[in-house]
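# Per-entry structural report
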Amino acid sequence: MARNIVIGAAQLGPIARDEPRSSAIARMIALMREASGKGVELVVFPELALTTFFPRWFMADQADIDAFFETSMPGPETAPLFEVAKELGIGFYLGYAELAEEDGRVRHFNASILVDKEGKIVGKYRKVHLPGHREHESWRPFQHLEKRYFETGNLGFPTFSAFGGTVGMCLCNDRRWPETFRVMGLQQAELVMLGYNTPVHYPPAPEHDHLQDFHNHLVMQAGAYQNGTWVVGVAKAGHEEGCDLIGGTCIIAPTGEIAVQCQTLGDELIVHTCDLDRCREIQTNIFDFAQHREPDSYQLITATKGVRKPN
Ligand code: CDV
């Protein structure tokens with residue numbers, strides 16, 4: 001018996017700096033309605049899906065930065081997304097900038113939530129691997145100030161029992177790190193959802209620009225196969241405020257094969273029926289962790305942050 005879930009990966013094209021959230025949300029609702037017509041139960045949206053990718057600009061005034069953050073979820077502007085999801089009986093993953101009051105102080109996270117078919121938040125994730133830099137670097141054609149604007153996520157990589165399976169989340173740069181997928185794999189994740197904003201041009205190593213699409217799929221396919229999990233990776237794509245972002249939104253099977261992939265750099269929905277039981281093909285065979293892992297030999301992974309030189 002299959003444990004099927006029909007998943008929609010809802011890629012977004014560029015969002016302008018002055019585009020109001022209401023416009024981005026209207027675009028997402030249109031994709032959600034299209035998804036509903038195709039029997040979708042769960043829609044995955046990109047990272048920082050409500051606004052333009054604001055870490056590309058240095059902003060000195062905290063009020064200008066905070067304007068890109070959500071202080072409540074749902075809030076007045078995001079409520080329609082939750083209402084339509086409930087009306088259609090569709091769950092969703094959403095990436096957004098979270099401004100939280102926690103431990104007696106204001107905190108900023110690059111976050112994602114998982115919302116069930118009733119419009120209720122059933123999972124939250126805060127981005128662990130923040131790429132980029134802290135200070136303004138004038139030599140760059142555009143900034144990547146995630147390290148300045150966000151704190152490192154403090155929730156780890158939890159998984160949740162939802163949509164008839166075990167599901168987890170991560171965000172963009174997280175997908176490049178095998179630890180991300182393995183920590184969720186060790187919780188027997190059957191589905192990992194992630195949104196991304198990935199520029200074609202990587203200023204510190206422009207010689208790799210032509211490899212951006214390859215690396216995107218390479219890491220997600222490896223993460224899927226090595227942990228026997230479905231992976232849904234969703235881009236904010238296209239020419240956004242002078243910066244080209246890759247597309248390549250896709251749904252990847254536990255075998256590492258891309259089942260379906262977007263063809264454009266704009267708003268586009270792709271749909272696939274994912275049988276969560278297919279995870280067992282890998283999880284009880286080549287990557288049967290209990291039988292084959294050798295954690296004693298991996299201690300260096302958590303014992304050190306950087307490289308430890310041989311004696
Ligand atoms: N939003 C991201 O995390 N972007 C990074 C870029 C800067 C390399 C990524 O890993 O795609």
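For the structure given in this document, a descriptive report is provided here.

Quick notes on the rules
- Residues numbered from 1 in each chain as written.
- Predicted model: local features only at pLDDT ≥ 70, side-chain atom pairs only at ≥ 80, totals over all residues.
- Heavy atoms only, no water.
- Near = heavy atom within 4 Å.
- Polar contact = N/O pair within 3.5 Å; in protein donor to acceptor, adjacent residues only side chain to side chain.
- Areas by Shrake-Rupley, 256 points an atom, 1.4 Å probe, with all protein chains shown as cover.
- Axes fitted to C-alpha atoms, helices over the stretch in contact; angles between N-to-C directions.
- Helix = DSSP H or I, 4+ residues; strand = E, 2+ residues; numbered from the N terminus.
- Parallel < 35°, antiparallel > 145°, perpendicular 65-115°, else oblique.
- Contact = heavy atoms within 4.5 Å.
- Nonpolar A, V, L, I, M, F, W, Y, C, P; charged D, E, K, R; others polar.
- Salt bridge = Lys/Arg side-chain N within 4 Å of Asp/Glu carboxyl O.
- Buried < 20%, exposed > 50% of the residue type's maximum accessible area, 1.4 Å probe, protein only.
- Core = buried A, V, L, I, M, F, W, Y, C linked by side-chain atoms within 4.5 Å.

Let us now look at the site of the ligand. Contacts to the ligand come from Glu-47, Phe-53, Lys-127, Pro-131, His-144, Glu-146, Cys-172, Asn-173, Arg-175, Arg-176, Asn-197 and Thr-198. Asn-173 is positioned such that a nitrogen or oxygen atom in its side chain is 2.8 Å from an oxygen atom of the ligand. Taking Thr-198, its side chain carries an N or O atom lying 2.6 Å from an oxygen atom of the ligand. A total of 310 Å² of accessible area belongs to the ligand in isolation, and the protein chains cover 94% of it.

Below, the discussion takes up the packing of helix 1 (residues 21-37) against helix 3 (residues 79-88). Running from N to C, helix 1 and helix 3 cross one another at 10°; their axes reach a closest spacing of 10 Å. The angle between the axes of helix 1 and helix 3 places the two elements in the roughly parallel class. Residues Ile-25, Met-28, Ile-29, Met-32, Arg-33 and Ser-36 of helix 1 touch helix 3, and the partners they reach there are Pro-80, Leu-81, Val-84, Ala-85, Glu-87 and Leu-88. Tallied by class, residues from the contact of helix 1 with helix 3 come to nine nonpolar, one polar and two charged.

In total, this model carries 23 salt bridges according to the counting rule given. Residue Glu-98 pairs with Arg-126 through a salt bridge whose shortest N-O separation is 2.9 Å. One end of the pair, Glu-98, is in strand 3 (residues 91-102); the other, Arg-126, is in strand 5 (residues 121-126), and 28 residues separate them in sequence. Across the pair, exposure class does not vary: Glu-98 and Arg-126 are buried alike.

Before going further, it helps to examine the side chain of Gln-11. By secondary structure assignment, the location of Gln-11 is in strand 1 (residues 4-11). A distance of 3.1 Å separates the side chain of Gln-11 from the backbone oxygen of Gly-266, its partner in a polar contact.

For the rest of this paragraph, the subject is the nonpolar core. With 45 residues, the main nonpolar core has Met-193 and Ile-251 as its most contacted residues. Among all residues touching Met-193, those that are not within four sequence positions of it are Leu-42, Val-44, Tyr-93, Leu-114, Val-167, Gly-168, Met-169, Cys-170 and Val-232. Counting 29 residues, the second-largest nonpolar core is a separate cluster that includes Phe-82, Leu-94, Ala-111 and Leu-269.

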